[in-house]
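# An overview of the molecular structure
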Amino acid sequence: MVEEFTSRLETFPHHRVFETTLAGRPFVVETGKMCSLSNGSCMVRYGETAVLCNVTMSEKPREGIDFFPLSVDFEEKLYSVGRIPGSFMRREGRPGEKAILTSRVVDRPIRPLFPKTMRNDVSVVMTVMSVDQDCSPEIAGMIGTSIALSISDIPWSGPIAGVFMGLVDGKLVINPTEEQRKVSDLALTVAATDQKIVMIEAGANEVDEGTMLEAIKTAHVEIKHMIEFINSMADEIGKPKKDFEISDLDFDLLMRVRNGYLDDFKAAMDTDDKNVRDARLAPIRERIATEFEDEVDAATVDLLMYKMQKYVVRRWLLDDGKRVDGRGINEIRPLAAEVGVLPRVHGSGMFTRGQTQVLTVATLSNGRDAQIMDDISTEDEKRYIHHYNFPPYSVGEARAPRSPGRREVGHGALAERALIPVLPSETEFPYTIRLVSEVLSSNGSTSQASICGSTLALMDAGVPIKAPVAGISCGLITEGDRWMTMLDIQGVEDFHGDMDFKVGGTKRGITAIQMDIKIDGLSYDIIEEAFEKCRQARLF
């Protein structure tokens with residue numbers, strides 16, 4: 001045995017094992033033994049859950065793009081729960097809904113911490129190899145990704161860590177067990193750096209804003225301990241970060257365009273109609289392309305247009321308190337609601353807010369139509385299903401529709417989660433319920449319009465819901481220490497702003513949250529203000 005152990009040391013000279021605890025359970029990280037060709041790799045063992053996390057980066061930037069190409073994949077292997085896939089080929093296929101949602105939950109906190117001017121492809125892969133249902137593989141994967149990035153040579157300004165919060169018998173519980181999750185009134189995932197909150201995802205049984213904020217603060221305390229652990233690992237085995245080729249617009253060119261066209265952009269954007277705005281911007285684009293034809297290509301013109309629109313939106317908000325459509329900072333766009341829109345269907349409701357419009361259709365069936373689950377969870381079937389469709393015509397694009405992507409799956413799941421607390425039990429209402437939200441027109445917050453449309457469709461179908469549910473979003477603009485929030489953001493404010501804070505709920509409390517940010521995190525003050533604004537708007 002001694003000789004064999006010596007041989008292993010020679011084979012794996014960089015093998016290290018780091019141990020700590022998370023919510024009172026052992027958390028073990030192993031590096032330097034597997035996946036030696038990745039930029040960063042670790043095997044995370046949380047209880048008896050095991051997730052292999054790998055991060056890789058291309059050597060050269062991708063040409064001709066104006067975004068950071070990050071891909072995040074959470075791979076559910078059914079052998080991790082001792083099951084054989086139920087497909088004809090008996091192997092895992094495309095990611096299931098829960099795997100896609102977990103990929104999004106990990107993507108959102110890590111993405112803002114990469115350099116904004118980097119165009120190298122970065123791939124994150126979390127492979128679930130063993131599942132202890134009391135120790136979340138999603139949390140293990142998120143923390144493992146942070147560790148892999150921190151010890152790698154990939155430029156990244158983390159680390160982050162995350163925990164899952166429950167509310168059992170009125171008490172907050174960090175990373176609740178499977179039995180505790182079954183009776184919990186809260187399913188909250190929080191990710192944060194040591195200073196700020198970077199991601200919030202929640203489903204709740206009408207929990208009030210004060211309790212939700214307390215849960216976030218409690219989660220942050222535990223997260224800080226984990227970040228200390230990750231930093232100690234990076235200090236010991238972390239690689240020097242690579243240099244990368246900076247991809248950014250020529251500053252002198254941008255200043256010349258700003259000096260020559262700023263007033264034109266302001267005039268073009270000062271409208272509440274997206275079609276009018278786009279029509280006014282089109283000739284400005286042509287003039288810029290013509291004037292600077294020796295210095296720019298089509299991609300550079302697109303970037304100039306983006307930079308100029310972003311500058312106008314942010315300066316108006318921060319300096320003048322002005323929104324592009326002329327609304328007040330906390331003013332909601334005009335609303336309209338209809339039911340019984342379609343004949344022959346079981347229920348339908350159409351909700352319109354400004355130029356955002358969603359038609360939701362409800363279908364009822366017996367229990368045989370419940371969705372059979374084939375994933376690593378313990379859930380066998382699902383009797384309430386919500387699907388969200390985002391066709392190209394909803395944003396005026398002339399292209400063929402495609403199958404639902406990750407965004408559609410995420411928005412559908414958010415609306416689904418928001419309605420679950422108000423649905424009748426299976427004993428009270430023994431039917432399978434399917435809602436389909438068709439986005440007819442999109443100018444911001446279609447997921448929240450789907451929540452409102454779903455409430456209408458359920459009532460039209462005669463489903464005895466406990467209370468109506470509404471959804472609203474809150475935006476954010478920051479500059480140094482300055483910040484301001486605004487209610488019911490439209491598309492241009494979402495695109496050029498720093499946050500999309502979506503909250504669904506009833507009069508009693510919150511039923512769902514999803515927070516997307518483009519900055520390095522939020523303070524408690526910003527979160528508290530967003531909660532209060534969304535509460536007031538929900539009761540509007």
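A few points on the structure. This structure is a prediction, so every number in the text was calculated from the model and none was measured. All residue numbers refer to position in the chain's written sequence, counted from 1. In keeping with the predicted nature of the model, local features appear solely for residues at pLDDT of at least 70, side-chain atom pairs appear and are counted solely at 80 or more, and the whole-chain, interface and lining totals rest on all residues. The side-chain figures draw on all heavy atoms in the structure; neither hydrogens nor water molecules are used.

### Quick look at the nonpolar core
Put simply, the rule is: The definition of a nonpolar core used throughout is a set of buried Ala, Val, Leu, Ile, Met, Phe, Trp, Tyr and Cys residues joined through side-chain atoms within 4.5 Å. A simple rule labels every residue: compare its accessible area, found with a 1.4 Å probe on the protein chains alone, to the largest value its type can have, and call it buried under 20%, exposed over 50%, or partly exposed in between. Elements are defined by DSSP. Helices are runs of H or I of four residues or more, strands are runs of E of two residues or more, and each kind is numbered from the N terminus. Any two residues having at least one pair of non-hydrogen atoms within 4.5 Å are treated as being in contact.
F27, F114, L188, M212, F501, L522 and F531 are the most contacted members of the largest nonpolar core, which totals 89 residues. Here this core gets 11 residues from one element, more than from any other, and that element is helix α5 (residues 209-237). Not counting chain neighbours up to four residues away, the residues in contact with M212 comprise L186, L188, A204, V207, I510, I513 and F531. Counting residues in each nonpolar core, the second largest holds 31 residues, with F265, M305, V312 and M486 among its members.

### Quick notes on the environment of E293
Tracing the chain through its elements places E293 in the loop between α7 (274-291) and α8 (298-320). Spatially, the C-alpha atoms of E293 and D264 are 19 Å apart, while their sequence positions differ by 29 residues.

### Focus: the sheet that holds strand β17 (residues 432-441)
The condition is simple: Pairs of strands are assigned from DSSP output, requiring at least two bridges between the strands. For helices, the fitted line uses only the C-alpha atoms of the stretch in contact; every axis is such a line through C-alpha atoms, and the angle between N-to-C directions lies from 0 to 180 degrees.
Read across the sheet, five strands follow the order β11-β12-β13-β17-β16 without closing on themselves; strand pairing throughout is mixed. Two strands close off the open sheet at either side, each with one partner strand: β11 (335-339) and β16 (384-389). On average, each strand axis in the sheet is inclined to that of its neighbour by 15°, with strand direction left out of account. Here β11 pairs with strand β12 (residues 347-353) via five bridges, running antiparallel. By the bridge assignment for β12, V339 is matched with G349. On top of the sheet, helix α10 (residues 446-460) reaches β11, β12, β13 (356-365), β16 and β17; it is set at about 145° to β12, its chief contact.

### A look at unusual backbone geometry
Following G158, the chain continues to P159 via a peptide bond in cis, the omega torsion being 10°. Looking at the secondary structure, you find P159 in the loop between α3 (137-151) and β7 (161-168). In the Ramachandran plot, A23 falls in the positive-phi region, its phi being about 55° despite a non-glycine side chain. Following the sequence through the fold, A23 ends up in the loop between β1 (16-22) and β2 (25-31). For D488, which is not glycine, the phi torsion reads 55° and is therefore positive.

### Looking at the pairing of strand β18 (residues 470-479)
With eight of its 10 residues buried, β18 lies for the most part within the structure. Pairing analysis gives six bridges linking β18 to strand β19 (residues 482-487), with the strands arranged antiparallel. Its bridge partner lying in β19, I477 is registered against M484. Between β18 and β19, which pair antiparallel in sequence order, lie two residues; one of them, G480, sits at a positive phi of approximately 65°.

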